[in-house]
Amino acid sequence: MLKTILKQQIIGIINLSIPVIILYQIYPAILLSTSGKIVCSLLIGIYVFYLNYRATKTQAESLKYIPSLYKPELEKIIVDCKMDPHSVNLRYGYSNEMVAMTILNTVSIDPILCQRFNHDPEAIKVIDILNHHIISPMAEKQKEKIEKIKNILTPDAQTFIFKHELGHVFANYSYKKLALIGIIATISAYIGLVTTFYFLKVLGFFAIIIGITIAGLIDLIMSYSSNVLFKSREEKNADLFATKFSSPEEIKAAASFFETHQEIVNLNKSSMGILSALPSIVLTGHYDGKTRAKYLRDIIY
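An account of the accompanying structure is given in this report. (Residues numbered from 1 in each chain as written. Predicted model: local features only at pLDDT ≥ 70, side-chain atom pairs only at ≥ 80, totals over all residues. Heavy atoms only, no water.)

**A look at the overall build of the chain**
Consideration 1: Per the secondary structure count, the chain includes 12 helices and 3 strands.
Consideration 2: Expressed as a percentage of the 301 residues in the chain, the buried residues total 43%.
Consideration 3: Taking as baseline every contact in the chain between residues at least 6 positions apart, the subset at least 24 positions apart corresponds to 74%.
Consideration 4: Positive and negative side-chain charges in the chain, numbering 31 and 25 respectively, have mean positions lying 8 Å apart. (Helix = DSSP H or I, 4+ residues; strand = E, 2+ residues; numbered from the N terminus. Buried < 20%, exposed > 50% of the residue type's maximum accessible area, 1.4 Å probe, protein only. Contact = heavy atoms within 4.5 Å. Lys, Arg positive; Asp, Glu negative; His and termini not counted. Charge placed at Lys NZ, Arg CZ, Asp CG, Glu CD.)

**Overview of unusual backbone geometry**
Consideration 1: In this structure, N96 is a non-glycine residue whose phi angle is positive, near 55°.
Consideration 2: By the secondary structure assignment, N96 is in the loop between β1 (89-92) and β2 (100-103).
Consideration 3: A positive phi angle, near 55°, is found at N172, a position not held by glycine.
Consideration 4: Residue placement: N172 occurs in the loop between α7 (155-170) and α8 (173-203).

**So, the nonpolar core**
Consideration 1: Counting residues in hydrophobic clusters, the biggest one holds 44 residues, and the most contacted among them are V88, L153, F162, L166, F257 and L296.
Consideration 2: Broken down by element, this core gets its largest block of residues, 7 residues, from helix α10 (residues 248-267).
Consideration 3: Counting residues in hydrophobic clusters, the runner-up holds 11 residues, among them L31, C40, L193 and F197. (Core = buried A, V, L, I, M, F, W, Y, C linked by side-chain atoms within 4.5 Å.)

**So, the packing of aromatic side chains**
Consideration 1: Evaluation of the coordinates by the stated rule reveals 10 aromatic pairs.
Consideration 2: Counting every residue linked through ring pairs, the aromatic cluster contains F160, F257 and F258.
Consideration 3: We note K236 situated over the ring of Y287; from NZ or CZ to the ring centre the distance is 6.0 Å.
Consideration 4: One cation-aromatic arrangement involves R292 over F258; the distance from NZ or CZ to the ring centre is 3.7 Å. (Phe/Tyr/Trp six-rings, centres within 6.5 Å; stacked < 30°, edge-to-face > 60°. Lys NZ or Arg CZ within 6 Å of the ring centre and 35° of its normal.)

**Looking at the pairing of β2**
Consideration 1: Taking every second residue as pointing to the same face, both faces of β2 are buried, with A100 and T102 on one and M101 and I103 on the other.
Consideration 2: Hairpin geometry of β2 and strand β3 (residues 106-109) is characterised by an intervening segment of 2 residues between the two adjacent antiparallel strands and by a positive phi of about 55° at L104. (Pairing = 2+ DSSP bridges.)

**So, the packing of α10 against helix α12 (residues 289-300)**
Consideration 1: Running from N to C, α10 and α12 point in directions that differ by 165°, and their axes come no closer than 7 Å. Between α10 and α12, the crossing angle belongs to the class labelled roughly antiparallel. Taken as a pair, α10 and α12 cross one another with a handedness that is left-handed. From α10, P248, I251, K252, A254, A255, S256, F258, E259, Q262 and E263 reach across to α12, where they touch G289, K290, R292, A293, L296, R297 and I300.
Consideration 2: Residue classes in the contact of α10 with α12 are distributed as 8 nonpolar, 3 polar and 6 charged. (Axes fitted to C-alpha atoms, helices over the stretch in contact; angles between N-to-C directions. Parallel < 35°, antiparallel > 145°, perpendicular 65-115°, else oblique. Left-handed = near helix turned anticlockwise from the far one by under 90°. Nonpolar A, V, L, I, M, F, W, Y, C, P; charged D, E, K, R; others polar.)

Right, dumping it as structure tokens:
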């Protein structure tokens with residue numbers, strides 16, 4: 001997993017560096033000034049924001065299966081949460097063990113895990129596709145993990161998690177995240193450019209490699225730091241949003257689910273390699289399941 005992350009990081013940084021190198025060869029004066037470096041960094045940040053926005057929008061638009069049988073029930077929950085049903089796109093789709101997820105203003109429910117909805121004709125279509133293309137090729141250990149999650153995911157917990165995702169839509173979480181990605185790219189690019197030109201006269205071409213490396217490291221560090229400083233806060237706020245519109249039974253069910261889910265995750269941490277040593281708040285931006293369970297139970301009691 002770490003190798004994949006680093007590989008993607010290196011490829012992304014190199015792809016963004018090539019146009020900058022070409023620009024310097026054509027018109028070096030632009031990048032020699034501080035203002036030029038800032039403008040160039042801003043353009044890189046805007047470009048990264050655009051690429052991620054386009055990819056996110058494409059992902060949302062690729063979800064074609066709309067709840068039918070359970071749509072009135074889900075829309076009632078949206079109304080109960082003081083939101084307009086027309087402001088939320090409901091879909092069924094694979095969530096990679098996350099139960100449900102928010103993509104812009106689309107809430108995607110995983111019918112493999114959320115068995116409450118698996119009698120919906122549209123959910124059945126998705127289940128058939130996922131079983132054939134996603135679940136079937138999985139390793140047995142991962143299939144067992146999914147079964148364990150299904151077994152602890154009660155209807156009340158599913159309702160709470162759906163309200164949690166509504167909290168993300170309400171707070172425009174996806175748009176904030178995309179903006180943050182653009183800001184991180186801008187800062188990383190600027191530091192990379194400053195580093196490159198600081199060493200350029202002494203090291204020549206190697207200064208470019210150093211600048212690219214520093215930019216990549218800054219991007220990686222800031223991305224993981226944003227999980228702690230930004231994403232974890234947004235995740236907790238979404239939980240608190242859900243508690244405002246949930247019964248004590250739903251909150252208790254969610255707390256029990258998060259607690260037991262963490263135990264299941266801990267049993268499978270070895271497959272994550274060196275990243276397993278990182279706390280979940282750093283790695284994913286989610287509080288540890290036991291921490292979530294505690295603050296949810298504190299709200300009830």
